[in-house]
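Notes for the structure review
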Amino acid sequence: MIKINCFILGFTLIFLSCKSNNDKKDESELYVNNILHQRYEKLLDYPLDSLGFPRSFSRNKNTLKKVTSKDWTSGFFPGNLWQIYHLTGNKKYRKLAEKWTAFVEKEKFNGGTHDMGFKLLSSYGNGLKSVKNKKKYQDVIVKGAQTLSTRFDENIGSIRSWDFNIDIWQFPVIIDNMMNLELLFEATKITGDSTYHKIAVKHANTTLKNHFRDDGSTWHVVDYDTITKKVRTKFTHQGIADNSAWARGQAWAVHGYTMAYRYTKDVKYLNRAKRTAHFFINHKDLPEDGIAYWDFNDPKIPHASRDVSASVIIASALVELYGYTSQEEYLNYSKKVINSIKNISNTYILPQDENIPFILDHNYGDWSKRAEMDEPIVYGDYYFLQTLLRLKKLQS
Ligand code: GLY
């Protein structure tokens, strides 16, 4: 119990490790908290713009990349504001979060993407926890789930991820898509209609069958034949090679299956999450600070870029995952999370003179586009804040 309390307390305060010198600990906690609060305020400074969701910042070009609500990342900026509100209780963040969230609403009709969960849960899903008009937020989530369901192929047993490259792929499904299932599970909880839940379970089962390798890692993309409904090919789109382990993909898998276990209590999902978590956190090429290289198979390791986003996505998942595991596993997972969050807080928070609406640096965006490689990116912040919130919840 002592260990658990130390761990939880430490987490919330970020620097924990249960030092004996309390004064020193207080100083460092205060220091990190101050730095974080100053960074949070940079988000308040960003002007409201229904067509300009901040996505990332290129230091080479000295430009902020802005996107419209159509982009898969649009919900994360409002999501960050909601989460900062939940962490700090400061109503300024909440007010702004509500305004930004409204700009995402029209996405509930956008059937051209599987990223509905990313967009609507980060914005409306987080807002639902504290907004007065819950019905309005629930309606958006349910409409979004209905729209997402139109991408489901019953015979393949999956939701189609992408619509581009139709001359090369037939029915591509990416591991990231596991994250969007939460929207369907939530829609069933709201409406009592099990259709959404069933689609999510089918997708999770099909992905479980076809996406994973014997070493515990996941392929990025599995393409299905639309006539035979069987697997055509397995490959990567964002990793360095088809058979490589793209770090964020591994993290999506762990987060996605941990979440699927939460809604179903199906132990095969829990085992899947643990297996892939094991691959990631015990990998020989995971640096000591716990911040993964963007791809575990980049030949440039140890000089390859890191991906903070992968490490915070998995850290957040591990906080939930160890809640479902034995004491021994729990201690193993918790040590890893403490380590990476501590190091992120030490080394990866942006300096105060960078007047951009982000918190962390050194995320790795998209190798296929050679874009956002080693930059502040909105979803890195989102899963960092989610981890802090999950830890705070544990404490309370
Ligand atoms: N879902 C897209 C990405 O992780 O880059």
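Everything here concerns the structure above.
The following paragraphs examine the structure supplied in this document. Owing to the predicted nature of the structure, the values given are computational and were not obtained by experimental measurement.

On to the nonpolar core, then. Within soluble globular proteins, side chains that are nonpolar generally end up buried alongside one another. Tyr40, Leu181, Leu184, Phe280, Ile359, Tyr383 and Phe384 are the most contacted members of the largest nonpolar core, which totals 108 residues. Excluding anything up to four places from it in sequence, Phe384 contacts Leu36, Val312, Ile341, Ile344, Ser345, Ile359 and Leu360.

The next thing to look at is the sheet that holds strand β6 (residues 221-224). The 3 strands lie next to each other as β5-β6-β7, forming an open sheet whose pairing is antiparallel. Looking at the sheet topology across the chains shown, the edges are occupied by β5 (171-174) and β7 (231-235). Each strand of the sheet is rotated relative to its neighbour by a mean of 20°, with strand direction disregarded. Summarising the sheet, β6 and β7 pair through 4 bridges and their orientation is antiparallel. Among the inter-strand pairings, Asp223 is bridged to a residue of β7, identified as Thr233. On top of the sheet, helix α8 (residues 195-210) reaches β5, β6 and β7; it is set at about 105° to β6, its chief contact.

Let's shift gears to the pattern of salt bridges. Close approach of charged atoms lets side chains of opposite charge pair. Across all of its chains, the model carries 24 salt bridges by this definition. For Arg262, the salt bridge is made with Glu320, and the minimal N-O distance between the two is 2.7 Å. Of this pair, Arg262 sits in helix α9 (residues 247-264) while Glu320 is found in helix α11 (residues 308-321), placing the two residues 58 residues apart along the sequence. Judged by its relative accessible area of 27%, Arg262 is partly exposed. Glu320 gets classed as buried once you look at its relative accessible area, which sits at 11%. Here Glu320 makes a salt bridge to Arg390, at a shortest N to O gap of 3.5 Å. Placement of the pair is Glu320 in helix α11 and Arg390 in helix α13 (residues 378-395), with a sequence separation of 70 residues. On the basis of relative accessible area, Arg390 is assigned to the buried category, the value being 19%. Within this structure, Glu182, Arg262, Glu320 and Arg390 form a network of salt bridges that share partners.

Reading the values: rules and limits
Residues numbered from 1 in each chain as written. Predicted model: local features only at pLDDT ≥ 70, side-chain atom pairs only at ≥ 80, totals over all residues. Heavy atoms only, no water. Core = buried A, V, L, I, M, F, W, Y, C linked by side-chain atoms within 4.5 Å. Buried < 20%, exposed > 50% of the residue type's maximum accessible area, 1.4 Å probe, protein only. Contact = heavy atoms within 4.5 Å. Pairing = 2+ DSSP bridges. Helix = DSSP H or I, 4+ residues; strand = E, 2+ residues; numbered from the N terminus. Axes fitted to C-alpha atoms, helices over the stretch in contact; angles between N-to-C directions. Salt bridge = Lys/Arg side-chain N within 4 Å of Asp/Glu carboxyl O.

None of this, on its own, says anything about what the molecule does.
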